[in-house]
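# Per-entry structural report
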Amino acid sequence: MESLKRLCVVKFSDFVSIMSEAMAETTNWGKLQTEVKGYVGIDTIQEQIRKKALKRGFEFNIMVVGSSGLGKSTLVNTLFKAKVSRRSNSAEKDQPPIIPKTVEVQSISHVIEENGVRLKLTVTDTPGFGDHINNENCWLPILKYINEQYEKYLSEEINVSRKKQIPDSRVHVCLYFIAPTGHGLKPLDIEFMKRLDKVVNVVPVIAKADTLTIEEREHFKSRIKYALNENGVSTYPMKELETDEEDENINTHIRDQMPFAVVGSDKSHQVDGKEVLGRLTNWGLIEVENHNHCEFSNLRDMLIRTHLQDLKDVTHGIHYENFRFERLNKHQKIDKAEDQESRC
Ligand code: GDP
Ligand code: MG
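Below is a summary of the structure that appears in this document. Throughout this document, residue positions are counted from 1 along each chain, in the order its sequence is written. Ligands are numbered from 1 and chains lettered from A, in the order in which they are written. Where local features are concerned, this predicted model is filtered to residues with pLDDT of at least 70; where side-chain atom pairs are given and counted, the filter is 80 or more; whole-chain, interface and lining totals use all residues. Side-chain descriptors were evaluated using all non-hydrogen atoms of the structure, hydrogens and water having been removed beforehand.

### Let's talk about the site of ligand 1
It suffices for a single heavy atom of a residue to lie within 4 Å of a molecule or strand for the residue to be listed as near it. As a structural note, the neighbourhood of ligand 1 is formed by 14 residues, with Gly-69, Lys-72, Ser-73, Thr-74 and Asp-210 the closest of them. For this analysis, a polar contact is any N or O atom pair within 3.5 Å, provided that within protein one partner can donate a hydrogen and the other can accept it, and provided that sequence-adjacent residues contribute only side-chain to side-chain pairs. Gly-69 places a main-chain nitrogen or oxygen 2.8 Å from an oxygen atom of ligand 1. In the environment of ligand 1, an oxygen atom lies 3.1 Å from a nitrogen or oxygen atom belonging to the backbone of Gly-71. Residue classes follow a fixed rule: Ala, Val, Leu, Ile, Met, Phe, Trp, Tyr, Cys and Pro count as nonpolar, while Asp, Glu, Lys and Arg count as charged, and any other residue, Gly among them, counts as polar. Here the residues of the shell around ligand 1 sort into two nonpolar, seven polar and five charged.

Now the structure itself:
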C-alpha cells in the first residue's frame, strides 16, 4: 500500500526503481522474506547440479524428415561438425541412392564430446518419405516410431523396479525439410506437419536455400508462414507455452525469422586464413555460418546453443505427458469396464 501511495506521485525513473525493487523481492513461492546473516553456501547448488549432470552426460534425439536429396544428412553433419548421419550416396558415388519402397525409420547414435561435456546424439532418418508417386499416409511409420519411443519410456517409468535413469529415445525435435521450389508448401508438407505437431516439436526449414535469390527466399518464406497459419500448424517454439516475458520476446524473434533458410556442407575452405564450412560454386563460396549467406547459424543456435534443454523439456512436459495421460486414461477406462462386467 505504501509503495502504491508513492507510485501516485513519483517520477518515471523512481517508478522503474520501485518496480525493479519489487521484482527482485519476488520469488516463485512468494515474497522474499528471510535474510541470511552470513555465508550459507546455497550458491554451490548450481555447481553440484552441474557436476552430477556432467557425470550423467546429456542425451539429444533429432529426427530429419523430407524427400531424398534435400540435404538432410549433410545438414545434420554440418550442425554437429561430425559425420553423424551417413550420406545416401557416399557408399557408391556413381550409383543413384536406393530409395526404399516404403518409409523406413533408421536411428544411429553417436557419443560426441566438447570441453568435457558428453552428448549422446541419436539421429533418426526417414528415407523414402515423400519419394513415391503415391505418398498417402507416408507420415504413419514416423508417427508410429515417435509413439513407440513414448511407450518404451512409459513402460520403464511404471515398472516396479525402474531404472535410476530411464534411457531416453524420445524424439526431441523433428526437422522438416521443405523443398526450395519458391512456390509454396505441398499438400504432403501440410499434412505431415498438421499430424505431427501434436506429438513432437516440429521445426520446418527451407532446404538448399542457396538455390533461391534473396527476394525469392523472402517471398517463399511468407507463403509458407501464411500456409502454416491457415492450416493451424503449430511449429516449435509454440506461443501457447510461453509463461514469461523474456522467453516470449526471444521466441517471437525466432518465430518471425522461421522457417530458417539453410545451407549445409561438410567441406571446409580457407577464408581470410580461417577454415570455414561452405559450398564452392563457379561464382563464389557460400559460407554456411555466414549470416549474410544463409540462416544456418540461426537454426544451429536455437537447436544447440539456446533451446536444446527447452526442446527436451517440452518433449517431456507436453508431448510425452499428453501421450501418458491418454494412454493411462484409456487403461483406466478399460479396467473400470472390466470391473463392472465382472460384477454384473
Ligand atoms: P538427403 O537425401 O536429404 O540426406 O540429402 P544429402 O545430404 O545426401 O544430399 C544430397 C545432395 O545434395 C548431395 O549431393 C549434397 O552435396 C547436396 N546438398 C546438401 N546440402 C545442400 C545445400 O544446402 N545446397 C545445395 N545446393 N546442395 C546441397
Ligand atoms: Mg540422407
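### Considering the sheet that holds strand 7 (residues 202-206)
Pairing within the open sheet is mixed, and its six strands lie in the order 4-5-3-6-7-8. Looking along the sheet, the strands with just one partner apiece sit at the ends: strand 4 (106-114) and strand 8 (260-261). As paired strands, strand 6 (residues 173-178) and strand 7 are joined by five bridges and run parallel to one another. The residue bridging Leu-175 from the neighbouring strand is Val-203, located in strand 7. Contact between two residues is taken to exist if any of their heavy atoms lie within 4.5 Å; hydrogens are not considered. To define axes, lines are fitted to C-alpha atoms, for helices over the stretch in contact only, and angles between the resulting N-to-C directions are given on a 0 to 180 degree scale. Each helix corresponds to a stretch of at least 4 residues labelled H or I by DSSP, and each strand to a stretch of at least 2 residues labelled E; elements are numbered beginning at the N terminus. Sheet strands in contact with helix 6 (residues 187-196) are strand 3 (58-65), strand 6 and strand 7, and its direction is about 170 degrees off that of strand 6. In this description, strands pair whenever DSSP reports at least two bridges between them.

### A closer look at the side chain of His-172
Positionally, His-172 belongs in the loop between helix 5 (140-157) and strand 6. Residue exposure (1.4 Å probe, protein chains only): buried if accessible area is under 20% of the type maximum, exposed if over 50%, otherwise partly exposed. A relative accessible area of 0% places His-172 in the buried class. Polar contacts involving the side chain of His-172 include one to the side chain of Asp-168, which spans 3.0 Å. The contact partners of His-172, leaving out residues within four places of it in the chain, are Glu-59, Phe-60, Asn-61, Asn-201, Leu-311, Lys-312 and Thr-315.

### Let's talk about the pattern of salt bridges
Within this document, salt bridges are pairs made up of a side-chain nitrogen of Lys or Arg and a carboxyl oxygen of Asp or Glu, the two lying within 4 Å of each other. Following the criterion strictly, the structure yields 16 salt bridges and no others. Here Lys-221 and Glu-295 are joined by a salt bridge, their closest N and O atoms 2.9 Å apart. Taken together, the residues Lys-221 in helix 7 (residues 214-230) and Glu-295 in the loop between strand 11 (284-287) and helix 9 (296-306) connect sequence positions 74 residues apart. Judged by relative accessible area, Lys-221 falls into the buried class, the value being 5%.

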